[in-house]
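Remarks on the overall topology
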Amino acid sequence: MRTHLSRRSRVAASATAAVLGVAVALGSGVATPALAADTATLSSVILGVGANETQRIVSWYSSADNAQAIQLAPTADLVTGEFPATAATFAAVGAANIATSGGYNRHATITGLKENTAYSYRVGSEGNWSSAYAFKTQDFEGDYDFLFYGDPQIGASGNVAKDQAGWTDTLDVSLAANPNAELLVSGGDQVETANTESQWNAFLASDKLRQYPWVATIGNHDVGGKAYEQHLFTPNTDRSAAYYSNGQPASNTSGGDYWYIYKDTLFIDLNSNSYATSQGGGGDAAHVAYVTDVVKQHGGDAKWTVLVYHHSIYSAASHAKDSDAKVRRTDFPKTFSDLGVDLVLQGHDHVYARSYLIKNGEKANAAEQPAAEDVFAGPGGVLYVTANSASGSKYYDITKPDASGTNGPDPLKPSDYWYSSVQNQEHVRSYVKVGVRSDKLVVENIRSGSCAAPNASVELGSSCTNTTEAQPVGSVVDKVTVHPYHGDSQDIQVNVPNAKPGEFGWTIDGYNGLVDLGTAVEQPGDYFTAAGKINPIKVSDSRRSLSPWSLSASVGDFKDADKTFSGSYLGWTPFVADAGAGASAGAAVESGYGTDGKGLSVSRGLGSAAQGHTRGSARLGADLDLKIPADVAKGNYRTTLTITALSS
Ligand SMILES: [Fe+2]
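Residues numbered from 1 in each chain as written. Predicted model: local features only at pLDDT ≥ 70, side-chain atom pairs only at ≥ 80, totals over all residues. Heavy atoms only, no water.

With that out of the way, let us pick up the coordination of the iron ion. Tetrahedral coordination by four donors puts the ideal angle at the metal at 109.5 degrees, and octahedral coordination by six puts it at 90 or 180 degrees. With distances of 2.1 to 2.4 Å, the protein atoms coordinating the iron ion are D151 (OD), Q153 (OE1), D189 (OD) and H350 (NE2). Here the iron ion is ringed by four donor atoms whose angles at the metal span 82 to 170°, and the overall shape comes out irregular. We note that the donor set of the iron ion lies within a single chain, spaced as D-x1-Q-x35-D-x160-H. Remark: H350 occurs in the loop between β18 (343-347) and β19 (352-355) and D189 occurs in the loop between β12 (183-186) and α3 (197-203); sequence separation between them is 161 residues. Each of the two residues, D189 as well as H350, counts as buried. (Donors = N, O, S within 2.8 Å, 3.2 Å for Na, K, Ca; no water. Tetrahedral: all angles 85-135°; square planar, octahedral: opposite > 155°, others 65-115°. Helix = DSSP H or I, 4+ residues; strand = E, 2+ residues; numbered from the N terminus. Buried < 20%, exposed > 50% of the residue type's maximum accessible area, 1.4 Å probe, protein only.)

Moving on to the sheet that holds β18. Pairing in this open sheet of eight strands is mixed, and the strands run β14-β15-β16-β17-β18-β23-β19-β26 from one edge to the other. Each of the sheet's edge strands pairs with one partner strand only, and the pair in question is β14 (237-238) and β26 (420-424). Direction of pairing for β18 relative to strand β23 (residues 383-386): parallel, over a ladder of four bridges. By the bridge assignment for β23, L343 is matched with L383. (Pairing = 2+ DSSP bridges.)

Time to look at the pairing of β18. Across the five residues of β18, five count as buried, placing the element largely inside the fold. Burial along β18 is two-sided: the face carrying L343, L345 and G347 and the face carrying V344 and Q346 are both buried. When strand β17 (residues 304-311) meets β18, the two strands line up parallel, connected through four bridges. Across the sheet, residue H311 finds its bridge partner in β18, namely G347.

Take the state of the cysteines next. Here the structure, examined in full by the defined rule, presents one disulfide. Disulfide pairing is shown between C451 and C464; the S-S distance is 1.9 Å. Between C451 and C464, the disulfide has an S-S torsion of -85° and is therefore left-handed. Note that C451 is positioned in the loop between β28 (440-447) and α9 (456-459) and C464 in the loop between α9 and β29 (476-483), a separation of 13 residues in sequence. Accessibility expressed as a relative area gives 22% for C451, which makes it partly exposed. (Disulfide = S-S within 2.5 Å.)

A few words now on the pattern of salt bridges. Applying the stated rule across the entire model yields 22 salt bridges. Here D410 makes a salt bridge to K413, at a shortest N to O gap of 3.2 Å. Look at K413 and you get buried, because its relative accessible area is 17%. Among the salt bridges present, the one from R619 reaches D509, with a minimum N-O distance of 3.3 Å. In this pair, R619 sits in strand β41 (residues 616-629) while D509 sits in the loop between β30 (504-508) and β31 (515-516), placing the two residues 110 residues apart along the sequence. Within this structure, D145, K433 and R437 form a network of salt bridges that share partners. (Salt bridge = Lys/Arg side-chain N within 4 Å of Asp/Glu carboxyl O.)

Counted at 1.5 Å a residue, the expected span for helix α2 (residues 160-177) with its 18 residues is 26 Å, and the 26 Å between its end C-alpha atoms agrees. Turning to α2, its buried residues number three or more, namely D163, G166, W167, T170, L171, S174 and L175. Axial view of α2: buried residues confined to an arc of 150°, hence all on one face. With respect to the buried face of α2, the exposed residues turned more than 90 degrees away are A161 and A176. Measuring from the side-chain oxygen of the N-cap residue of α2 to the backbone nitrogen of A161 gives 3.2 Å; that N-cap residue is N159. (Expected span 1.5 Å × (residues − 1). Arc of directions from axis to C-beta. Polar contact = N/O pair within 3.5 Å; in protein donor to acceptor, adjacent residues only side chain to side chain.)

The next point concerns the nonpolar core. Ranked by size, the top nonpolar core spans 60 residues in total, and within it F146, Y149, F203 and W214 carry the most contacts. Top contributing element to this core by residue count: strand β11 (residues 144-149), with five residues. The contact partners of W214, leaving out residues within four places of it in the chain, are I46, L47, G48, V49, Y149, W167, L184, S186, Q190, F203, L209 and L232. (Core = buried A, V, L, I, M, F, W, Y, C linked by side-chain atoms within 4.5 Å. Contact = heavy atoms within 4.5 Å.)

Interpretation of this model should avoid reading the predicted coordinates in detail wherever pLDDT is low. Overall, the predicted model of the protein chain reaches an average pLDDT of 92, with 94% of residues at or above 70. Note that residues 6-36 has pLDDT below 50 and, in this model, 52 contacts with residues that lie over four places away or in other chains. (pLDDT = per-residue confidence, 0-100.)

On to the pairing of strand β35 (residues 549-555). Burial runs high along β35: five of the seven residues are buried. Bridge count for β35 against strand β40 (residues 604-609) is five bridges, and the pairing is antiparallel. Across the sheet, S552 pairs through a bridge with G605, a residue of β40. With seven bridges joining them, β35 and strand β42 (residues 638-647) adopt antiparallel strand pairing. Paired with L551 across the strands is A645, a residue of β42.

Below is the structure:
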């Protein structure tokens, strides 16, 4: 009687682990959507930033007030566009919209995203899903780019269609040039008129806003209603009265300050509409306290601090001398310098302006030259950037310094403001690209349009000074590299990449010869016995996940031509021949002879390791013990031991 070993399956541990990892991480907190046929109309879907790089928030409108959710799966798991049964679901919450918007709003937070993964998602409920949209994650550490867009302000030109065309084109142009940009950061003023949904529809028309996370910032044109909050749910948002311009979060107004950390950058986004306590909100003092608290609590978790708010305090056009800008120019800069803020991104003045490094409200280094390509922050140096219109709906022309003291001239170029390193207004669309690198921020202002359409403001009569030959779409208006300050000490950095994920596998150790149990020996009591050992199995597990594994085996019936006896007569005693990989031997299984047991005719554990085991390899063996009834016919019987591995 003889047995031999065969291997049936070798589990690709790393692939299995990846699939299960997503299911585990994403599978919680699922609300069961209404199963009844539901005909809610789903609209205004927008992908938003989450609290960190493993999250996204999706917001949308619904015509009906039913239970809804986001469904999400790695795009690789979709089969001919169908979401798999393993898709994760994230229950949405929301409320009724204000009457002028109609319908309801919904949002949900996607959590547990994995790096370097393409995902597909849709919103709605079973039987009534939206179209599917896609986004991708990238490496969760290291360098990355984000894009900053000033005042799309759809409707500002008076022609929503033209504004939409320019806005959509800037998204297309900027993301064609920077397909791996990771965030689309708003400078505020998404729309011209706060609650006008036709303008929101135009703002949201581009599918790019469903593929890249939009980082909302509230502008003065967004603040006068709830539509901003209905459309753009943001993470970690403090909706205290102080962060609402009128001090009334429940009123028909939007607001709130919020923060998030994305890949070593702490972003803090302020509702700069609340700036004077006389309006009812907490004003600048509340923002200063907020930024201080957030930096103190979370600054240690990031390498960079970037602030974003709408009302530029160092701009160069129509709003440069606004009284509120002058007040904020007093209220903000010292705190930002003290807290080590690296970059402040602003809008509102529809002009491109890059400040000199500003420390405590003054030029940090009198010797810094206009348009310097490299600036060195020193202690307290902060770069303030104002973005021009990303849509072309409205541009403001550069204004002149005065003798007021707060808006005086730059001694190095007296026609510009003292704080302006670069000012630019050509009446063409542009966006700001920020490259976050290991020891520098690279800030560029890049043209996304020319004088030609789509350029609503110019189409409707304003002038344009751009020259397509010298300043084409994609050309750089300004570029500066900010080198941060490291104090008197030296900072040392090292990038540690992901270790190889490792692999789980098993193999028969050595030559897989026939396991020959020899000739069975008749025993007193009317049965035969035979014994032997399986060929040792070598298990190796180098996975970083330290996930469990197990090996099990079973045999079929022993056969010789048409003669047979049951595999249940074979028993075994597994053992660990060489320890490692956390291996422990399976339980001994006795022959089914005389006991009515099933022996090895059913799957039995040879060895296993628990979660958290050491990495390495082991050799497993087993003593075989066969007992068969004496009435089995003479013959030369064989069976096959089939080994199955499981790993997660
Ligand atoms: Fe604006």
